[in-house]
Amino acid sequence: MDKRRVPYGHQTITKDDIDTVIEVLKSDFLTQGPKLGEFEKLVAAYHNAKYGVAFSNGTAALHGAYFATGMCAGDEIITSPITFVATSNAAIYCGARPVFADINLDTNCIDPEEIEKKISLNTKAITPVSLAGYPVDLKRIRAIADNMEKKCYVIHDAAHAIGSRRKGTFGLEYADMAILSFHPVKHIATGEGGMVLTNNEDLYDKLKLFRSHGIVRSYEGLMDDREQEPWYYEMVSLGFNYRLTDIQAALGISQFKRIQENLVQRNELAKEYGEAFEHNSAVILPPQIGFDILNDPLAPNIHSYHLYTLRLSNPQKRLEFYHYLHNHGILAQIHYIPVHWHPFYRETFGYKIGDYPKAEEYYASEISIPMYHNMKAEDKQYIIDIINNYKDR
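Residues numbered from 1 in each chain as written. Predicted model: local features only at pLDDT ≥ 70, side-chain atom pairs only at ≥ 80, totals over all residues. Heavy atoms only, no water.

Q: Would you explain the sheet that holds strand β10 (residues 194–198) in this entry?
A: Paired through backbone hydrogen bonds, the strands of a sheet run either parallel or antiparallel to each other. The sheet built from seven strands is open, its strands ordered β2-β10-β9-β8-β7-β3-β4 with mixed pairing. Every other strand in the sheet has two partners, leaving β2 (51–55) and β4 (97–100) as the edge strands with one partner each. Strand-to-strand twist in this sheet, taken as the mean axis angle between neighbours without regard to direction, amounts to 25°. Pairing of β2 with β10, which is carried by five bridges, proceeds in the antiparallel orientation. Across the sheet, residue V53 finds its bridge partner in β10, namely V196. Packing of helix α2 (residues 34–46) onto the sheet brings it into contact with β2, β9 (177–181) and β10, and relative to β2 it is tilted by some 125°. Across the sheet, helix α6 (residues 138–146) touches β7 (123–127) and β8 (153–157), and the angle it forms with β8 is around 155°. (Pairing = 2+ DSSP bridges. Helix = DSSP H or I, 4+ residues; strand = E, 2+ residues; numbered from the N terminus. Axes fitted to C-alpha atoms, helices over the stretch in contact; angles between N-to-C directions. Contact = heavy atoms within 4.5 Å.)

Q: Would you explain the packing of aromatic side chains in this entry?
A: A ring pair, where both rings are aromatic, is described by two values, the distance of the centres and the angle of the planes. Applying the stated rule across the entire model yields 24 aromatic pairs. Residues Y324 and Y390 carry aromatic rings whose centres are separated by 5.1 Å and whose planes lie at 50° to one another, so their mutual orientation is tilted. Linking Y324 in helix α10 (residues 318–327) with Y390 in helix α13 (residues 377–390), this pair joins segments that are 66 residues apart in sequence. Take Y324 and Y390: they sit in the same class, and that class is buried. One aromatic cluster is present, built from ring pairs that chain together F100, F344, Y345, F349, Y351 and Y356. Over the face of the ring belonging to Y153 we find K151, whose NZ or CZ atom lies 4.8 Å from the ring centre. (Phe/Tyr/Trp six-rings, centres within 6.5 Å; stacked < 30°, edge-to-face > 60°. Buried < 20%, exposed > 50% of the residue type's maximum accessible area, 1.4 Å probe, protein only. Lys NZ or Arg CZ within 6 Å of the ring centre and 35° of its normal.)

Q: Would you mind going over the side chain of T20 with me for this structure?
A: For T20, the position within the fold is in helix α1 (residues 15–25). Taking the relative accessible area as the measure of exposure, T20 reaches 19% and is therefore buried. A polar side-chain atom of T20 sits 2.7 Å from the main-chain carbonyl oxygen of D16. Residues in contact with T20, not counting those within four places in the same chain, are A250 and S254. (Polar contact = N/O pair within 3.5 Å; in protein donor to acceptor, adjacent residues only side chain to side chain.)

Structure below.
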């Protein structure tokens, strides 16, 4: 049997990446230096955002986004049950209650019609997730939020969806904020890392404050009106140390130079998978919005393909299929166990199995196969051959 091991996701580190990091290691600033701002401006500009605030990881970015809304006890967020637990956990950190809305099985993303059923006067934010990189319909969700009697924020969890586009836009004219993740299995790897993008200056200021202990370097009226002391700082709110280092930011800058190549390669792989599995009755292909990016870097619709999420036609075969792939060195993964199934959510909020049937139907059959740029051609063909051989079992 072939002894190769192909992970479901993997970073690519080049000599330029290494040289860039070494340059920072030899500089005066390992953290709180110039590379952080350079990275933030680069990522923000690419997504047509006025501001970017980098965080130590994607979960911290979510926490910062919820904090910036003024979220507190008594508030609720609405999000998808098919996501990593951080999407809702970070709202709980602020005292809010997570409320889930079921998914649409055509997109595997949160269903706007289900959001309308769950929204209430307690809803502080709607946090749609662009699962696997498929761009969620932010315009429609913005319309639901704007129909509320009070301000309801839209926070796009785009941890999977760097560079995604729907009808020509990443969507920050509809979302108040968007969060990105730079974990190694994502498109851009900084080790750990995340970022919040926004066009709102007030939110930007709150995000920066929250990221660095709630400290400002100027007088905020707590001291007398004597001349500003150059060493002075004040803590004006309870913040966290969620800073990204210059070492990580430099790696992110170097990685980001290849973002378009990364997106194109992922779409090329997704297209090849789709053509290879089109007639395989054992699997159901993931949603896609076309592959125009292969001919046009500014294509109006772009699926980022952080994941390639197959579903089994016979969910009862999912575990067998999982072991079949792993036994052949294809390290498939499942994304995700529904959040409301986890013991903490069941015991704390009273959720139970059966609450969100479409999310549970999706979970019962989903399996993510390897998807990353710079995959070796022989590994790609191996994956296709192994999966297509399964239909005859």
